[in-house]
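# Analysis of the macromolecular model
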Amino acid sequence: MAATVIGEGLTIEGEITSEDEVAILGTVRGALSSTDIVQILPGAVVQADVTAAGLSVAGQITGNVTASDRVDLQAGGRLIGDVRAARLTIADGASFKGNVDMDV
Amino acid sequence: MSQQSIIGQNTVVRGNVSGSGSLEIQGRVEGDVAMTGDVFIQPGALVRGNVTGNQLSVAGSVAGNLTANEAIALEPGAKVIGDLVGNSIGIADGALVRGLVRTADEEPLASAKPAVVVAAKAPATLQRPIMGGIARPAVAPIVAKPAFAPRPAPAAVPVAVAGPKPAPQPPLQPQIIPPPRAASSESDELEDSNVQNGDESDDDAELASSSPSNPAPSASPHASATAERRDGPPPPVAPALKKSQKAKKKGR
């Protein structure tokens, strides 16, 4: 499991900065950035701009997303916001609204 | 696992953290942490903000108040600058605390009577904060009345002071009786003595309240006595001044 886990039932209002893997099952409002992988797991609600090396989304994100490596939008995942990443995958069953910029 | 949250070693949270379930902090949190479950602050962790939880286990550093519904445990190496409030508090050898520590049951926090037990057990230095947290409402009116009443009209001093006195202040008597000098200076001293004794006598009153017969009978005779004694001085004072002034005038 990731070094940092924001469990379900946990709410963070503010800024999360990490150099480790971060897994979100709860609620984050503000900003979220990691130099490692960020996982937005099913049930998570993120209303924040997210910056990470890699991002997988199975929960819900409202905000712009930036990844130096890749963004994976998984089935059941929901992303409203712009994506800026070298690679982007969108699984069948995911919902996504926003612009994509893969020109990083 | 789903209920367990971890803020990892290399993670910084700036803002408030709240929720249910338990939280383990290994990194840094700059903001308040309010959990309904348990909070573990691990070695190397730093929290700048108040921490609230059911049970708190601290082995890291906290700059802020710790409040637990049940227990607080400070492990060796823990560093807390702030107050600790919880039903049961354990501080291990090697833990550092700078702040008020208060252990209490639910009831003492709510009602005044069990607070007597706390006040009795607590060392002198702890009493003031305890009173502040628990029994202020009781203290405030007693202190406030004498402070406000005598000021405008010194003549009213005996009445005003005698009013609030009866209930809580048997121990005041020895200190009040001695200074029957000039009326004006006396009123100031009385105010001071009332204010100073406000805390002590209140403690006494609460302590005495465990034996309920004390306050009413013992206080009322004292009050009447002081009222009489203080009625005494003022009349002589006025004529004495007049006479001396007249004498001076006549002399001139």
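Whatever comes next refers back to the structure up there.
Thresholds, definitions, all that
Residues numbered from 1 in each chain as written. Chains lettered and ligands numbered in written order. Predicted model: local features only at pLDDT ≥ 70, side-chain atom pairs only at ≥ 80, totals over all residues. Heavy atoms only, no water. Salt bridge = Lys/Arg side-chain N within 4 Å of Asp/Glu carboxyl O. Buried < 20%, exposed > 50% of the residue type's maximum accessible area, 1.4 Å probe, protein only. Helix = DSSP H or I, 4+ residues; strand = E, 2+ residues; numbered from the N terminus. Pairing = 2+ DSSP bridges. Contact = heavy atoms within 4.5 Å. Buried area = accessible area lost by both parts, 1.4 Å probe. Polar contact = N/O pair within 3.5 Å; in protein donor to acceptor, adjacent residues only side chain to side chain.

For the coordinates displayed, the defined rule picks out seven salt bridges over all chains. The closest approach of N and O atoms between R70 of chain A and D72 of chain A, which form a salt bridge, is 3.0 Å. Overall, the relative accessible area of 17% leaves D72 of chain A in the buried class. In this structure, R14 of chain B and E30 of chain B form a salt bridge, with 3.6 Å as the shortest nitrogen-oxygen distance. You can see R14 of chain B sitting in strand β2 (residues 11–19) and its partner E30 of chain B sitting in strand β4 (residues 28–30), a full 16 residues away along the chain. Given the relative accessible area of 25%, E30 of chain B is considered partly exposed. Here the residues in one salt-bridge network are E15 of chain A together with R14, R28 and E30 of chain B, joined through shared partners.

Turning to the pairing of strand β6 (residues 45–57) of chain A, a few remarks are in order. Each regular strand displays side chains that alternate between the two surfaces of the sheet. All names here are of chain A. Where strand β4 (residues 27–34) and β6 come together, seven bridges link them in parallel fashion. Its bridge partner being in β6, G30 is matched across the sheet by A48. Where strand β5 (residues 37–40) and β6 come together, four bridges link them in parallel fashion. Paired with I37 across the bridge in β6 is G54. Relative to strand β7 (residues 60–62), β6 is paired through three bridges, and the arrangement is parallel. Bridge assignment links V46 to a residue of β7, and that residue is I61.

Let's shift gears to the interface of chain B and chain A. Interfaces are often sized by the accessible area lost when the parts come together. Chain B puts 22 residues into the contact, and the matching count from chain A is 19 residues. Carbon and sulfur atoms make up 45% of the area that chain B and chain A hide from each other, which totals about 1600 Å². The largest contributions to the chain B side of the interface with chain A come from I6, N10 and R14 of chain B, which together make up 29% of the buried area. In this assembly, chain B and chain A are joined by one salt bridge. For the salt bridge of R14 of chain B with E15 of chain A, the shortest nitrogen-to-oxygen distance reads 3.1 Å. Remark: the boundary between chain B and chain A carries twelve residue pairs in polar contact (both at pLDDT 80 or more). Broken down by secondary-structure element, the contributors of at least two residues to the side of chain B that touches chain A are β1 (4–7) and β2 of chain B. The element that contributes the greatest number of residues to the side of chain B that touches chain A is β2 of chain B, accounting for nine residues.

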